[in-house]
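Structural overview for review
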Amino acid sequence: MDTLKLQRDKDHPDDGLRICVNGVSFREIVRKHEAAFAQAEGSPNVAGAYSELSPPSVATSLRGKPNEHDLENDQLGRITLLECECGAPGCWPLLMTISIGPSRVVWSDFEQPHRRGKWSYNGFGPFTFDSAEYEQALRNIEDIRLGPSAPSPSEHWLVVVFHRGFRDGANGRDRLEIPLGGSVEPTVPSPPRNLHADPDHDTWRLGYLTGWRMGASDRQLSGVDEPGACGLIREVGERMVLDLLRNSGLIGDRRP
Ligand SMILES: [Zn+2]
């Protein structure tokens, strides 16, 4: 059985969360495996050229759900565990499959999509964890909050999903050439396929409806320098999203 530990750098709390497997940084484990492939193509430095994800993204991805990095790429079924050093979603992600069972959690099926068919991860993993210990490691990071009013990782994730819906709703309305502020109600399409069940689906729908009603589309935004000055809304503030989610019963009340 493998062991998982998640560590935050106390001196750099905004940095990604370090994922340690069997006491070793997972990024280092990956680097060792990729070294021979990177060497063979003459760029040894690309081996393990990853950065760690933020605590909310790690909490989401390690539960086998897509995180904000996965919403931007089309890697159905696989989730992003590490991202490019530059931080841009999809730029250089390490993907894997997570299967979460009642007694075991297994990480397998690793891939660097930009080296598909070239870099082999055969024999790398699978990594198998005890489900209870794994869940405890995740709970420990979920207790970390940046302040009393900062959203928890799961709330943060729903804000990300809401904004994705908001964009989709604003763009969906604009594609039909329905003007902003009109009275036409949308036919809400199915949520993106890489969103799992509820509350993600309902959150995305709420974002879609809100974006349809008040959001400026990407096309409208692309033509202006200062959206606010033109009365265009790109997205709504996190606090307002959390209030909307709370009023809709999608997240619980958090009273001191
Ligand atoms: Zn990059």
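Residues numbered from 1 in each chain as written. Predicted model: local features only at pLDDT ≥ 70, side-chain atom pairs only at ≥ 80, totals over all residues.

As a further point, take the nonpolar core. Counting 23 residues, the largest nonpolar core has V58, L94 and M96 as the members making the most contacts within it. Put simply, the parts of the chain that give this core at least two residues each are α1 (26-40), α2 (55-61), β5 (79-84), β6 (94-100), β7 (104-111) and β8 (127-130). Tallying contributions element by element places β6 first for this core, with 4 residues. Once residues within four sequence positions are removed from consideration, M96 is found in contact with R78, I79, L81, W107, S108, D109 and F110. Counting residues in each nonpolar core, the second largest holds 17 residues, with W157, L158, V160 and L206 among its members. (Core = buried A, V, L, I, M, F, W, Y, C linked by C-beta atoms within 7 Å. Buried ≥ 20, exposed ≤ 12 C-beta atoms within 10 Å, placed from the backbone. Helix = DSSP H or I, 4+ residues; strand = E, 2+ residues; numbered from the N terminus. Contact = placed C-beta atoms within 7 Å.)

Remark: helix α5 (residues 153-175) packs on helix α6 (residues 200-214), axes separated minimally by 6 Å, with the N-to-C direction vectors making an angle of 40°. The pairing of α5 with α6 is recorded here as oblique in orientation. The element α5 and its partner α6 pack so that their crossing is right-handed. Here the residues of the contact of α5 with α6 sort into 10 nonpolar, 8 polar and 6 charged. (Axes fitted to C-alpha atoms, helices over the stretch in contact; angles between N-to-C directions. Parallel < 35°, antiparallel > 145°, perpendicular 65-115°, else oblique. Left-handed = near helix turned anticlockwise from the far one by under 90°. Nonpolar A, V, L, I, M, F, W, Y, C, P; charged D, E, K, R; others polar.)

The next point concerns the pairing of β7. Summarising the sheet, β6 and β7 pair through 5 bridges and their orientation is antiparallel. In the strand pairing of β7, I100 is matched with V105. Hairpin connection between β6 and β7: a loop of 3 residues separates the two successive antiparallel strands. Where β7 lies against β8, 4 bridges are found, and the strand directions are antiparallel. Pairing of R104 across the sheet is with D130, part of β8. (Pairing = 2+ DSSP bridges.)

Quick look at the sheet that holds strand β4 (residues 50-51) now. Pairing is antiparallel across the open sheet formed by 5 strands, whose spatial order is β4-β5-β6-β7-β8. This sheet does not close on itself; its edge strands, each paired only once, are β4 and β8.

Following G125, the chain continues into P126 via a peptide bond in cis, with omega recorded as 0°. Mapping P126 onto the fold places it in the loop between β7 and β8.

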